[in-house]
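So the chains spell out like this:
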Amino acid sequence: MLSRAWRGLLAIVAVAAAFLTMPAAEARPIAASCQATAPLSSGVPDLSESAPRWRCDGSLADYRAPRALLRFDLDQASERPAYFTTRASNFNRIVISVVDRGGAVRSVSYGMDDAELIGSGLNFALPLPEVTASSDRVVVAIDEGWVAPLVSDARLVVSPDEVRWPFATMLALAAICGLLCMPLLFDLAFYRILRARFLLWHMISVVGMLALTLVSSGLALHLFDLTLWQVSMLLPLTSCVGVAAAAMFAAGLFEEGCLPERRSEERRVGKECRSRW
């Protein structure tokens, strides 16, 4: 039986190694060449090259500004992009404009409901206006973005598959989620015997970590039909639940007199918070 278990383990390792050594598809997402900020307006941003104060030194524009502008210079020798992708997060509106060398501009405006979530890596994709052989650059205006990755992770891609995480990565994350289910079973079993409240706090902490892993990796999108707004709310919520429950678990686990004076005071505050709950 032991030799059979070893053979099974070696088979799993061989399959994982095969996935890791598979040649990845050639994907070359286009990063922003320059970034800028601008006041919020209801129309298409001024797309003349001299209008915004473009920063082309690789530094990140202030995502907290009312409007962040991203300029993507197109390489005529490369395949034409068809989608704008970035990290899933809240925003008010995204305006995408394709500027031709002759001065023609094609623009389209999107809201959060228009975003197509990508289930591997938790990005979202928006179709670009028509990109032709005479297109020179793409300018993206992000209005009222919430987090920095919304600006820093922005890319133009031919297909959303270019920004999907590898299958081996998603498989490893699914295995981690499976491992996180084990402490839940132990907590339930021990709680039936000990009836100690810290076991419940530990169980809530594990649930928070499990939910955070599912949401942040995009695995949750394969299980539930979630919108971009719901995902944006679940990310900080699951993180806060895990951290808060872990703090309450620590406050309930340690006994009196086993901690330094400063930690004892922190434990007392934790107990007061727990009693209010």
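Just so it is clear, the structure is predicted and the values come from calculations on it, not from any experiment.

Reading guide: rules and limits
- Residues numbered from 1 in each chain as written.
- Predicted model: local features only at pLDDT ≥ 70, side-chain atom pairs only at ≥ 80, totals over all residues.
- Heavy atoms only, no water.
- Phe/Tyr/Trp six-rings, centres within 6.5 Å; stacked < 30°, edge-to-face > 60°.
- Helix = DSSP H or I, 4+ residues; strand = E, 2+ residues; numbered from the N terminus.
- Buried < 20%, exposed > 50% of the residue type's maximum accessible area, 1.4 Å probe, protein only.
- Lys NZ or Arg CZ within 6 Å of the ring centre and 35° of its normal.
- Pairing = 2+ DSSP bridges.
- Axes fitted to C-alpha atoms, helices over the stretch in contact; angles between N-to-C directions.
- Polar contact = N/O pair within 3.5 Å; in protein donor to acceptor, adjacent residues only side chain to side chain.
- Parallel < 35°, antiparallel > 145°, perpendicular 65-115°, else oblique.
- Left-handed = near helix turned anticlockwise from the far one by under 90°.
- Nonpolar A, V, L, I, M, F, W, Y, C, P; charged D, E, K, R; others polar.
- Core = buried A, V, L, I, M, F, W, Y, C linked by side-chain atoms within 4.5 Å.
- Disulfide = S-S within 2.5 Å.

A. Examining the packing of aromatic side chains more closely. Inspection of every chain in the model, using the stated rule, returns three aromatic pairs. Pairing Phe72 with Phe84 gives two aromatic rings, centres 6.3 Å apart and planes at 75°, and the pair type is edge-to-face. Taken as a pair, Phe72 in strand 3 (residues 67–73) and Phe84 in strand 4 (residues 83–87) lie far apart in primary sequence, 12 residues in all. Taking the centre distance of 6.0 Å and the plane angle of 50° together, the rings of Phe198 and Phe249 count as tilted. Of this pair, Phe198 sits in helix 4 (residues 197–217) while Phe249 sits in helix 5 (residues 228–253), placing them 51 residues apart in sequence. Of the residues examined, Phe249 reaches a relative accessible area of 21% and is grouped as partly exposed. Just above the ring of Trp54 sits the side chain of Arg71; from NZ or CZ to the centre is 5.3 Å.

B. Structural context of the sheet that holds strand 6 (residues 105–110). Here five strands make up an open sheet; going across it, the order is 2-3-9-5-6 and the pairing antiparallel. Bordering the open sheet on either side are strand 2 (34–38) and strand 6, each of which pairs with just one other strand. Shown here is a sheet whose adjacent strand axes are inclined to one another by a mean of 20°, direction ignored. In this sheet, strand 9 (residues 135–143) lies alongside strand 5 (residues 93–100) in antiparallel orientation, the contact comprising eight bridges. Across the sheet, residue Val98 finds its bridge partner in strand 9, namely Val138.

C. Up close: the side chain of Arg71. Relative to the assigned elements, Arg71 resides in strand 3. By relative accessible area, Arg71 is classed as buried at 10%. Polar side-chain contacts of Arg71 include one of 3.2 Å to the side chain of Asp73.

D. Examining unusual backbone geometry more closely. Its identity as a non-glycine residue notwithstanding, Leu122 has a phi of 60°, on the positive side. Looking at the element boundaries, Leu122 is found in the loop between strand 7 (116–118) and strand 8 (123–127).

E. Expanded view of the packing of helix 4 against helix 5. Relative to each other, helix 4 and helix 5 sit at 155°, their axes nearing to 7 Å. Between helix 4 and helix 5, the interaxial angle falls into the category roughly antiparallel. Crossing of helix 4 over helix 5 shows left-handed handedness. Its residues placed into classes, the contact of helix 4 with helix 5 shows 15 nonpolar, eight polar and no charged.

F. Representation of the pairing of strand 3 in the model. With six of its seven residues buried, strand 3 lies for the most part within the structure. As defined by bridge partners, strand 3 adjoins strand 9 across seven bridges and the pair is classed as antiparallel. Paired with Arg67 across the bridge in strand 9 is Asp143.

G. Spotlight on the nonpolar core. Core analysis: the largest hydrophobic core is formed by 39 residues, its most contacted members being Phe84, Ile94, Ile96, Phe124, Val138, Val140 and Ile142. When residues of this core are traced back to their parent elements, those giving at least two are strand 3, strand 5, strand 8, strand 9, helix 2 (149–152), helix 3 (167–194), helix 4 and helix 5. Judged by nonpolar contacts, the second largest core, of seven residues, contains Ala36, Trp54, Val95 and Ala141.

H. How the structure looks around the state of the cysteines. With the rule as written, the count across this model stands at one disulfide. Disulfide pairing is shown between Cys34 and Cys56; the S-S distance is 1.9 Å. Taking the torsion about the sulfur-sulfur bond, which here is approximately 105°, the covalent link between Cys34 and Cys56 counts as right-handed. Taken as a pair, Cys34 in strand 2 and Cys56 in the loop between strand 2 and strand 3 lie far apart in primary sequence, 22 residues in all.

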